[in-house]
Amino acid sequence: MSLYYEASDILANVEAKGGSLKNRIFGKKDLKSSPGAIFALVAETTKWSSVLKEVVEKSDILKLEKKLTPTLALLLAHDLILAKKGVAAPKSHPLNLAISRHKARLNAEFTKCRIKGRFATLDAFRTHINAAAADESAEAAADGTKAFHPRWVRVNAVRTSIEKAQSTFFADFTKVSSLKELRTTPRGLYLDEHIPGLVAIHPGIDLSKHAAYHAGEIIFQDKASCFPAYLLDPQPKDGQVIDACAAPGNKTTHLAAILSSQKSYGLKASVTACERNPIRAQTLEKMVKLAGAGKIITVKASQDFTKLDPRSQEFADVGALLLDPSCSGSGIIGRDDTAVLHLPSLPSSAPAPSSKKRKRKANAAIEVPAPIATETNDELSEETPQAAELENDEEKLKTRLNNLAGFQLKIVLHAFAFPAATKVTYSTCSIHAEENENVVVRALSSKIARERGWKIMRREDQVDGMKRWSRRGDPEASKEALQGKESLVDAKILADACIRCERGTDEGTMGFFVAGFVRDPDADPEEVITDAETIEAADGEENNEDEDDDDEEEWGGFDD
Ligand SMILES: C[S@@+](CC[C@H](N)C(=O)[O-])C[C@H]1O[C@@H](n2cnc3c(N)ncnc32)[C@H](O)[C@@H]1O
């Protein structure tokens, strides 16, 4: 039934081209169903989604009906319970059958929600939901955005300083002391408390035409995306720093800025930026030039990081590496996200993506802003969604996550091989543990990590701002990833060492993950524990990459 599949695609943001929900649906030329019907279904389901999420989860239908994805279940449950004409598919259609079989249970769970909310009738419940949606819109209209996401601006220390910026191009801004205050201060300026040189301004202000932007004095970069370079904390004594997956260059230029703002900056410090994709490498080169960092950064265009020879003399002094490989991009948010769709979680018994033990967290709420619009006015911005997470096709998503994780692990293991390296950061703009805590554990348990003594960078050893950042790794995912490998590190320590950011919070960031690895070059590596489960052979892991080396095929995701 095309209506439900097409509505599900819209919600998963597949083929999103920006603009409002209405424009996106009505502007789509190849829809089989009526755009009006799709719009009504998507808008109404989104409105009711916090209730329907609970109904779907409690009724266990995702466990019982393999045909149903969380999004499809939500859309069908909406029509079954709330639409006057019921499910808009023939009675014998598999989708209709999959939902109708559970009619009694779904209705019962829905009634429980209504009673829990103290609504005597369905009409009263409906009035409340409509009023809540209207309130939300009114609030959004008042402050210009729904989930408040400020515009983060990094003052480029290669070209200027935060002090100079405040007395020149931010001179007519009013300093505010919190993001909450910024929300109601259109010309407010918030100095970030974690990342030096980072400020937030109201999203309604567009600095993309500002001279400071064109002079490379400011760079638009989400707060979360500033974490990796800051966590890596490159020092001139680290010698050469490699940014393995560099374009468009936000983190590369941040590395250069950190190095250049250090008193002892000088002779040895340099950044080598690899970018495999030749087109993206051109953007990287432009950004390096714009940021005035040409003397610090050497771009290796069309260079696959995994093809660098760590034993080459050229890399003998590489002390630190920043790894920000392609990922699913599930943490990225668009600037004009509309209503939030509350998606039911997958049941814990959902099939695992492969022989690996990962599965999605059973009880975690997955909230997907629906739908996401692209921000197109900034060529160098890292928040430029080009594809979408296939949230509505769980099987494809799992396969893709599995492939991405194999590729990401390969990048980490390659970094571990640089002889003088003592620090590595690994980051993704993904919310999935498969690409995050799991990759970290697989890397720690690899042969090369154990032979060379790579450990997780513990919270207490992190730079000040990262130590103070309170949103840490997922404890459940860490525990699960460490199953059978407990001797590597305590699960709580691991979770605390990992850093996460969540979109849609008061912190105003996108969804993000970063972890650091460290190695003491003078210490003898720990004796390798020979429990078969514990040791994942590095060679085997490396072979986990997508077979196809084609760029698009391999990463098929967002570039942060
Ligand atoms: C997530 S983006 C990096 C964003 C960048 N760190 C920033 O902050 O602006 C990942 C980049 O890695 C590149 N890439 C993927 N695999 C690579 C590899 N094996 N070697 C070098 N670059 C690679 C992709 O083409 C993409 O441009």
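Rules and cut-offs
Residues numbered from 1 in each chain as written. Predicted model: local features only at pLDDT ≥ 70, side-chain atom pairs only at ≥ 80, totals over all residues. Heavy atoms only, no water. UniProt positions renumbered as here; feature names shortened; annotations may be inferred. Helix = DSSP H or I, 4+ residues; strand = E, 2+ residues; numbered from the N terminus. Buried < 20%, exposed > 50% of the residue type's maximum accessible area, 1.4 Å probe, protein only. Polar contact = N/O pair within 3.5 Å; in protein donor to acceptor, adjacent residues only side chain to side chain. Contact = heavy atoms within 4.5 Å. Phe/Tyr/Trp six-rings, centres within 6.5 Å; stacked < 30°, edge-to-face > 60°. Lys NZ or Arg CZ within 6 Å of the ring centre and 35° of its normal.

Caption draft 1: Quick peek at the UniProt feature "binding site: S-adenosyl-L-methionine" (unreviewed entry) in the protein. The UniProt entry lists C245, A246, A247, P248, G249, N250, K251, E275, D304 and D324 under the feature "binding site: S-adenosyl-L-methionine" (unreviewed entry), expressed in the numbering used here. In this structure, N250 sits in helix α13 (residues 250-260). Residue N250 is classed as buried on the basis of its relative accessible area, which comes to 2%. Considering the arrangement of structural elements, one finds K251 in helix α13.

Caption draft 2: Spatial organisation of the side chain of K423. Positionally, K423 belongs in strand β12 (residues 423-428). Residue classification places K423 among the buried positions, given a relative accessible area of 12%. Looking at K423, its side chain comes within polar contact range of the main-chain oxygen of D233, at 2.9 Å. Discounting chain neighbours no more than four positions away, the residues touching K423 are L232, D233, P234, Q235, D238, G319, A320, L321, W454, F517 and V518.

Caption draft 3: How the structure looks around the side chain of S33. The residue S33 is located in the loop between α2 (21-26) and α3 (35-59) in this model. Judged by its relative accessible area of 13%, S33 is buried. A polar contact of 3.1 Å, which involves the side chain of S33, links it to the side chain of S2. A distance of 2.8 Å separates a polar atom in the side chain of S33 from a polar atom in the side chain of E6.

Caption draft 4: Molecular detail of the packing of aromatic side chains. All told, the structure shown has twelve aromatic pairs when counted by the stated rule. Judged by centre distance (5.5 Å) and plane angle (35°), the ring pair of F110 and F125 falls under tilted. Taken together, the residues span a long stretch of sequence, with F110 in helix α7 (residues 103-116) and F125 in helix α8 (residues 122-143) at a distance of 15 residues. Judged by relative accessible area, which is 4%, F125 ranks as buried. Aromatic side chains F170 and F173 sit 5.2 Å apart centroid to centroid with 80° between the ring planes, which places their arrangement in the edge-to-face category. A cation over a ring is seen here: R151 above F220, with NZ or CZ 4.6 Å from the ring centre. The ring of W454 carries the charged tip of R519 above its face, separated from the ring centre by 5.7 Å.

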